[in-house]
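Next come the chains, spelled out residue by residue.
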Amino acid sequence: MAVRRIRNALRFAAVPLLIVFLSVIVACGGTAAEPAAAPAATEAPAAPAQAAATAAPEPTAMPAMADEDSYLHMAVTPLPQDTFFPWLATSSGHLVFRPIWENPTTISPDTGVSTILPQLAREWDVSPDASEYTFYLQEGVQMHFGWGEFTVKDLIFTIDQQMSDPLAGCKGPLKKFMGYDSMTEMIDAGKAEVVDDYTLKMTLAQPQVDVADWWFNILVVPCAAVRSSAQHAEEGDAMFENGPAGTGGFQFVNRELKEYTEYEAVPYDHWRVNPEFKRMRISTTPEDLTRLAMLLTGEANMVDIPKVLHQQAIDEGMEVFESPLPSVGLTIMPFGQYELSQVNWNPETEPWTAPGETGRLVREAMNRAIDREQIINELFKGRGEPMYNTIFHDSLEGWNPRWADEFDERYGFDPERSKQLLDEAGFPGDNGENRFYMEVWQSSLPGLPETIEVAQTVAQSFQDIGIDVKLVEVEFARALDAFRDQHDAHFILPVRQTIRQINANARIYYYTGEVNPETGLPGGGVA
């Protein structure tokens, strides 16, 4: 059923604190639109290293538009990097690009990351040792604004551009398994081959099991969200301000940084899914109550608001629809564990980063200071579940039930035990006060407006066990700058993350390889 107005869609997150479900609030009697919905799910046959793709399902059009004036307006929390240039934005910063770009692969809304589906890649082959990949691309897919048909050239250009800046998040990990600074260099070296306009073959520098289900997937939007190489050849980087062409169901109309981006449905039958709305706008609005007011007055149809405000929306006739799967995670992340490289690290002033028993005791004390159930029940209104291992859910391969069974014994809420642990670690403070100094940074993120309240709750929890805490409000871009130059050892920050497969988690959280001394970025990991 086509509708002219959806009242609200709320996207949430999680923590070794919490995993949260995607919720949607709409006006009673309406249905939520999904302009970028994936094709119907199909089962992927198993392979020794990775599941190979199935053939692409037949595209299914969404309901016809209600009329030529049908309009969807979303108001969200400000982006962590509001930039025209996609290679400088994280996945959250790519929110405004998602309606216009598509990826080689995607996921199922019913099964999440456990099922990988074709998108711009109709199928792919993986060698048994995961060292060779061949991608077979969709044919006949049109680029916006008449920039021609999508081909291998556009995929190569996209990857090259996403690796073009030393600070780009895709640079290190892609180079690690590709073996080169760009896809073009890989081709020139004979390690990748353009078989034809719709076939790309890659021989990797090292086996990599998740090229299709992670690096080329919508889960890591920046690395392979395809845009037009022909447009860039003519317009250069100005294309990102003028209107970047992609293959999605919506095309770009206008953008004002830190204010809004406008789109319109493509003026032809889309190859995969026709949007239900003729026009769409994504506005960034900092204040939670302002976004709620926009929803209630009809200025916005879909907004991103904390769950503590849900009831006000429901009382005004909104209805909540919730996804069957957890969506994203919220982790309270202690940064600066650089004892291996000794970069910007002082174990006397940042004891949670100390190696050995001292750091372990301090980190256990900090864990036990946090009442996760209170955060879930009060800040997330019960719409979440504890996370027992960072961004790991029991629906994913590799889950160990011991993590849940033993969590309370090892890390459960117990502030008195926290104080004892800090005493044992050598930080008794002044009669149990002012044990050491730390900063808790708070920054809002799209899809997780609760981060501010979570940061405040965690800061109070640490103060209750005698830690001298300063709460610092920052833009997320400042935190990214601190990560990149490794000046982040003195603070803790709630961050939103994507639920990932075990191999991606291991690479991100347990990376111990080389680090670029100029950028502070790992040579092969992500964080």
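Shown above is the structure to which this text applies.
Everything numeric in this text was worked out from a predicted model, so none of it was measured.

The rules behind each value
The residue numbering used here restarts from 1 in each chain and proceeds along that chain's sequence as written. Reporting in this predicted model follows two pLDDT cut-offs: at least 70 for local features of residues, and 80 or more for side-chain atom pairs to be given and counted; totals over whole chains, interfaces and linings ignore these cut-offs and use all residues. Derived side-chain values reflect all non-hydrogen atoms in the structure, with water molecules and hydrogen atoms excluded from consideration. Secondary structure elements follow DSSP: runs of H or I no shorter than four residues count as helices, runs of E no shorter than two count as strands, and numbering proceeds from the N terminus. In this scheme, a residue with accessible area under 20% of its type's maximum is buried, one over 50% is exposed, and one in between is partly exposed, where area comes from a 1.4 Å probe on protein chains only. Residue contacts are counted whenever heavy atoms from the two residues lie within 4.5 Å of one another. All accessible areas in this document rest on Shrake-Rupley with a 1.4 Å probe, and a residue is counted as covered only by the protein chains that are shown. Here, a salt bridge means any side-chain nitrogen of Lys or Arg that lies within 4 Å of a carboxyl oxygen of Asp or Glu. Two strands are counted as paired when DSSP detects at least two bridges linking them. Residues enter a patch when their relative accessible area is above 30% and they make no salt bridge; the linking distance is 9 Å between like charges and 5 Å between nonpolar side chains (Val, Leu, Ile, Met, Phe, Trp, Tyr). Charged-residue counts in this description rest on Lys and Arg as positive and Asp and Glu as negative, His and the chain ends being excluded. Here the site of a charge means NZ on Lys, CZ on Arg, CG on Asp, or CD on Glu. Each axis is a line fitted through C-alpha atoms, taken for helices only over the stretch in contact, and angles between the N-to-C directions span 0 to 180 degrees. In this scheme, roughly parallel covers angles under 35 degrees and roughly antiparallel covers those over 145, while 65 to 115 is roughly perpendicular and the rest are oblique. Handedness of each helix crossing follows the sense of rotation of the near helix against the far helix: counterclockwise by less than a right angle gives left-handed, clockwise gives right-handed. We call Asp, Glu, Lys and Arg charged. Ala, Val, Leu, Ile, Met, Phe, Trp, Tyr, Cys and Pro are nonpolar, and the rest, Gly among them, are polar. The set of buried Ala, Val, Leu, Ile, Met, Phe, Trp, Tyr and Cys residues whose side-chain atoms join them within 4.5 Å is what this entry labels a nonpolar core. In the analysis that follows, any N or O atom pair within 3.5 Å is treated as a polar contact, provided that within protein one partner can donate a hydrogen and the other can accept it, and provided that, for residues neighboring in sequence, both atoms belong to side chains.

Caption draft 1: Main features of the overall build of the chain. Within the chain one finds 17 helices and 18 strands. When the 527 residues of the chain are sorted by exposure, 54% land in the buried category. Once local pairs closer than 6 in sequence are excluded, the contacts in the chain between residues at least 24 apart make up 70%. On the chain, roughly 21600 Å² of surface is accessible, and the fraction owed to carbon and sulfur atoms is 49%.

Caption draft 2: Layout of the pattern of salt bridges. All chains considered together, the criterion is met by 16 salt bridges. Between Asp-82 and Arg-255 there is a salt bridge, with its nearest N and O atoms 2.7 Å apart. Highlighted residues: Asp-82 in the loop between β3 (71-76) and β4 (105-108) and Arg-255 in strand β10 (residues 250-256), separated in sequence by 173 residues. Given the relative accessible area of 6%, Arg-255 is considered buried. Note that Lys-171 is salt-bridged to Asp-181, the shortest N-O span being 3.3 Å. Here Lys-171, found in helix α2 (residues 171-178), pairs with Asp-181, found in the loop between α2 and α3 (183-188); they are ten residues apart in sequence, far enough to count as distant. Classification of Lys-171 as buried rests on a relative accessible area of 18%. Taken together, the salt bridges that share partners define one network made up of Glu-357, Arg-360, Glu-364 and Arg-368.

Caption draft 3: Main features of the pairing of strand β11 (residues 260-265). Taken together, the six bridges between β10 and β11 define a ladder with antiparallel strand orientation. Counted as the bridge partner of Phe-250 is Ala-265 from β11. Judged from the five bridges that link them, β11 and strand β12 (residues 279-284) form a sheet pairing that is antiparallel. In the sheet register, Glu-262 faces β12, and the bridge partner there is Arg-281.

Caption draft 4: A negative patch on the surface, seen in detail. There is a patch of like negative charges on the surface, built from Glu-139, Glu-149, Asp-196 and Asp-197. A residue is classified by how much of its surface remains accessible, and Asp-196, at 36% relative accessible area, is partly exposed.

Caption draft 5: Inspection of the environment of Ile-467 at higher detail. Here Ile-467 lies in the loop between α15 (451-464) and β17 (468-473). With a relative accessible area of 3%, Ile-467 lands in the buried category. For the pair Ile-467 and Tyr-437, spaced 30 residues apart in the sequence, the C-alpha separation amounts to 6.3 Å. If we ignore the near neighbours within four places in the chain, the residues touching Ile-467 are Met-366, Leu-422, Phe-436, Met-438 and Phe-462.

Caption draft 6: Region of interest: the packing of helix α10 (residues 356-368) against helix α14 (residues 415-424). In contact at an axis separation of 8 Å, α10 and α14 are set at 165° when each is read in the N-to-C sense. Compared by their axis directions, α10 and α14 come out roughly antiparallel. For the crossing formed where α10 meets α14, the hand is left-handed. Residues Leu-361, Val-362, Glu-364, Ala-365 and Arg-368 of α10 form the contact with α14, whose participating residues are Pro-415, Arg-417, Ser-418, Leu-421, Leu-422 and Glu-424. Broken down by class, the residue content of the contact of α10 with α14 amounts to six nonpolar, one polar and four charged.

Caption draft 7: The nonpolar core, seen in detail. Ranked by size, the top nonpolar core spans 44 residues in total, and within it Phe-135, Leu-174, Met-178, Met-183 and Met-202 carry the most contacts. Each residue touching Leu-174, except ones within four places of it in the same chain, is listed here: Ile-159, Met-163, Gly-179, Trp-215 and Cys-223. Val-362, Ala-365, Phe-436 and Ala-455 belong to the second largest nonpolar core, which has 29 residues in total.

Caption draft 8: Molecular detail of helix α1 (residues 152-162). Of all the eleven residues making up α1, ten are buried; the element is thus mostly covered by neighbouring parts of the structure. Val-152, Asp-154, Leu-155, Ile-156, Phe-157, Thr-158, Ile-159, Asp-160, Gln-161 and Gln-162 are the residues of α1 that are buried.

Caption draft 9: The arrangement of the side chain of Gln-119 in detail. Within the element layout of this structure, Gln-119 appears in the loop between β5 (112-118) and β6 (121-126). A relative accessible area of 4% places Gln-119 in the buried class. Within the structure, the side chain of Gln-119 is placed 2.8 Å from the backbone nitrogen of Asn-103, a separation counted as a polar contact. Each residue touching Gln-119, except ones within four places of it in the same chain, is listed here: Glu-102, Asn-103, Pro-104, Thr-105, Thr-106, Gln-138, Trp-271 and Arg-272.

Caption draft 10: Structural detail: the sheet that holds strand β13 (residues 302-303). Strand order in the open sheet formed by five strands is β10-β11-β12-β3-β13, and the pairing between neighbours is mixed. A strand with exactly one partner marks an edge of an open sheet, and here the two such strands are β10 and β13. Bridge count for β3 against β13 is two bridges, and the pairing is parallel. Directly across from Ala-75, in β13, lies its bridge partner Val-303. Where helix α8 (residues 288-296) meets the sheet, it contacts β3 and β13, and its direction lies at approximately 160° from that of β3.

Caption draft 11: Quick look at the sheet that holds strand β9 (residues 199-203). Spatially, the four strands line up as an open sheet ordered β6-β7-β9-β8, and their pairing is antiparallel. Each of the sheet's edge strands pairs with one partner strand only, and the pair in question is β6 and β8 (192-196). Strand-to-strand twist of the sheet, defined as the mean angle between neighbouring strand axes without regard to direction, takes the value 15°. Pairing of β6 with strand β7 (residues 132-137) involves five bridges; the strand directions are antiparallel.

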